[in-house]
Amino acid sequence: APLVSLRGVGKRFANGTLALEGVDLDIAPGEFLSILGPSGCGKSTLLRLIAGLAEPSAGRVAWAPGHEERRREIGFVFQDPTLMPWATALDNVRLPLRLAGLPRAEGEARAAAALARVGLAGFERAWPRELSGGMRMRVSIARALVTRPSLLLMDEPFAALDELTRHRLNDDLLALWAESGITVVFVTHSVFESVYLSTRIAVMAARPGRVAAELRQDGAPAPR
Ligand code: ADP
Ligand code: ADP
């Protein structure tokens, strides 16, 4: 059964813009789904609806039974890592656990493990300004993973990074996905990225935003 299932989903904003219409989409557990489409076709809106950060104006977004507490199920990564500049890498990653009331020692241990997982062991005490763009993105991914979500939503995460950094991050994300079993929904306007990364691609078209085609890539991408 799908982890999340969208049926007839539409979104019309208060100003009348019809951002999405008639979207049917299932997100299978463990898949790496790319959502590919041009600017303005509704990719971010779709991600926000999946995350429950916005409500659809038509249709429904349903989670599999036992997964209804979506806030805990989701990690979100944006293009802008939005780290707190006055907090170390470790404290940035630890924040969601502090908000959840986890004891400090356990939070620190889990945050350190999450940093190690994204290749930043040894950078626990670094300040965001000391880190490169790629490394700040890694901290942001660690922060999204530290709560152990079942679904990782990524909104054009690497679009602002240089090509080499982006390529390394693609490879490391793929390895992380393969070893963890996490479900990933990855929004991009890069055909290359969607083909390189995903087990399935939902291609969107604009006006109104909709899923125009789905491509399944058999034999899932293999990390190096
Ligand atoms: P994408 O992520 O594919 O670039 P978006 O989901 O950001 O697309 O936007 C889809 C459409 O909805 C665009 O036309 C955008 O201008 C419009 N839109 C997005 N957010 C709002 C909003 N809060 N109010 C009105 N229109 C919006
Ligand atoms: P960059 O934006 O610097 O290219 P990447 O995301 O490509 O960063 O980094 C790849 C790996 O290289 C990181 O996981 C990190 O462990 C290591 N790394 C990057 N920059 C540095 C640095 N300034 N000092 C030490 N290690 C670094």
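Quick look at the structure, then. (Residues numbered from 1 in each chain as written. Chains lettered and ligands numbered in written order. Predicted model: local features only at pLDDT ≥ 70, side-chain atom pairs only at ≥ 80, totals over all residues. Heavy atoms only, no water.)

A word on the sheet that holds strand E4 (residues 58-63)
Across a sheet, paired strands are connected by hydrogen bonds in the backbone, their directions being either parallel or antiparallel. On the basis of which strands lie adjacent, the open sheet formed by 3 strands has the order E2-E1-E4 and antiparallel pairing. Edge positions in the sheet fall to strand E2 (18-27) and E4, since each has one partner strand and no second. Neighbour-to-neighbour, the strand axes of the sheet open up by a mean angle of 15 degrees, direction not taken into account. Of the pairings in the sheet, the one linking strand E1 (residues 4-12) to E2 comprises 6 bridges and is antiparallel in character. Looking across to E2, one finds that Val9 is bridged to Val23. Here helix H1 (residues 43-51) sits on the sheet and contacts E1, E2 and E4; the angle it forms with E2, its principal contact strand, is near 55 degrees. (Pairing = 2+ DSSP bridges. Helix = DSSP H or I, 4+ residues; strand = E, 2+ residues; numbered from the N terminus. Axes fitted to C-alpha atoms, helices over the stretch in contact; angles between N-to-C directions. Contact = heavy atoms within 4.5 Å.)

Looking at the pairing of strand E9 (residues 210-216)
Sheet topology places strand E8 (residues 200-205) next to E9; 6 bridges connect them, and they run antiparallel. When the sheet's bridge partners are listed, Ala205 is paired in E9 with Arg210. The hairpin formed by E8 and E9 contains 4 residues between the paired strands, and Arg207 there has a positive phi angle of roughly 55 degrees.

As for the site of ligand 2
Ligand 2 sits among Gly119, Phe123, Ser132, Gly134, Met135, Arg138, Thr165 and Arg168. Backbone polar atom of Gly134 to an oxygen atom of ligand 2: 3.1 Å apart, as the coordinates give it. The side chain of Thr165 places a nitrogen or oxygen atom 3.1 Å from an oxygen atom of ligand 2. Surface burial for ligand 2 is 58%, taken as the share of its 530 Å² of free accessible area covered by protein chains. Among the secondary structure elements, those contributing two or more residues to the shell around ligand 2 are helix H5 (133-145) and helix H6 (163-180). For the shell around ligand 2, the element with the highest residue contribution is H5, accounting for 3 residues. When its residues are assigned to classes, the shell around ligand 2 shows 2 nonpolar, 4 polar and 2 charged. (Near = heavy atom within 4 Å. Polar contact = N/O pair within 3.5 Å; in protein donor to acceptor, adjacent residues only side chain to side chain. Areas by Shrake-Rupley, 256 points an atom, 1.4 Å probe, with all protein chains shown as cover. Nonpolar A, V, L, I, M, F, W, Y, C, P; charged D, E, K, R; others polar.)

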